[in-house]
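# Working through the structure, step by step
The residues making up each chain are set out below.
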Amino acid sequence: RNAVVAMPVLHGYFRSSCSWRVRIAFALKGVEYDQVPINLIRDGGQQLTQEYKTLNPMQQVPAVEIDGITLSQSLAVIQYINETRPGPRLLPADPKKRAQVRMISDLIASGIQPLQNLYVIQKVGAEKMQWSHHFIDRGFQALEPILKQTAGKYCVGDEISMADICLVPQVYNAERFKVDVGQYPTIKRLNQALLEIEAFKVSHPSCQPDTPDDLRA
């Protein structure tokens, strides 16, 4: 007898890079899911409501309801999806390559993205463009030589992994904050290759249920 398994629910925001990471992972695995948009700008930020705080006490997106639990933190969500769903693996079998994928993912998810997160740049105030530009540039200056060593067709070798899932949304942010990605040829090449892949296209901020009309592709 088949138990009816509820579809996963992603509480996210079209332009949130952490939400985008989860959308890419679902798409790569071919998992259908529901989206509940949380508008980070409207009403002073819908992530700050008491209701949302019960889902994610950090009051950030994403929060994912899946298999009877609620998970936040995109890398934890991606690894859970990887471990519980069939389809292409998102972490390589080889321990050294797996460590490299985690290193690159952490460099982006801990070393770059939090410094240009909405909450942080709202606190920074008027200087937010220069601030974000500085920290993304600083991160990319470290990421470029690492990727030069680890990359094949994708971030680590020739298999799409969690590192690629982290890279593409971060390059999108870099472009929003006017970083010249052309200075980073490996990052640029990988990003262009990945944007050709269906899972990265369908999950793109320009085509989400909550994408404003003026930003739709």
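Sequence order sets the numbering: in each chain, residues are counted from 1 along the sequence as written. Totals for whole chains, interfaces and linings use every residue, but because this is a predicted model, local features are given only for residues with pLDDT of at least 70 and side-chain atom pairs only at 80 or more, for both listing and counting. Processing note: side-chain calculations cover all non-hydrogen atoms of the structure and skip hydrogens and water entirely.

## Overview of the sheet that holds strand 1 (residues 9-12)
The four strands are arranged 2-1-3-4 in an open sheet whose pairing can be described as mixed. Two strands bound the open sheet, and with one partner strand each, they are strand 2 (34-37) and strand 4 (69-72). The mean inter-strand angle of the sheet, taken between neighbouring strand axes irrespective of direction, is 20 degrees. Two strands pair when backbone bridges link them, and strand 1 and strand 2 are joined in this way by four bridges, in the parallel orientation. Bridge assignment links Gly12 to a residue of strand 2, and that residue is Pro37. Contacts between residues were defined by any pair of non-hydrogen atoms, one from each residue, lying within 4.5 Å. Comment: axis = line fitted to C-alpha atoms, over the contacting stretch for helices; angle = value between 0 and 180 degrees taken between N-to-C directions. Only runs of H or I of at least four residues qualify as helices and only runs of E of at least two qualify as strands under DSSP, and these elements are numbered from the N terminus. This element, helix 1 (residues 17-29), spans strand 1, strand 2 and strand 3 (63-66) of the sheet and lies at about 155 degrees to strand 1. Across the face of the sheet, helix 3 (residues 74-84) comes into contact with strand 3 and strand 4 while running at roughly 130 degrees to strand 4. Paired strands are those between which DSSP finds at least two bridges.

## Things to note about the domain arrangement of the chain
Assigned domains of the chain: these are domain 1 (9-88) and domain 2 (95-201). Of the residues lining the interface, 15 residues belong to domain 1; the matching set on domain 2 comes to 19 residues. Summed over both partners, the accessible area lost on bringing two parts together, with a 1.4 Å probe, is the buried area. Summed over both partners, the interface of domain 1 with domain 2 comes to about 1600 Å²; 72% of that surface belongs to carbon and sulfur atoms. The largest per-residue losses of area from domain 1 upon contact with domain 2 belong to Arg15, Trp20 and Arg21, which jointly make up 36% of the total buried on that side. All domain edges in this entry derive from an automatic or database-based domain assignment.

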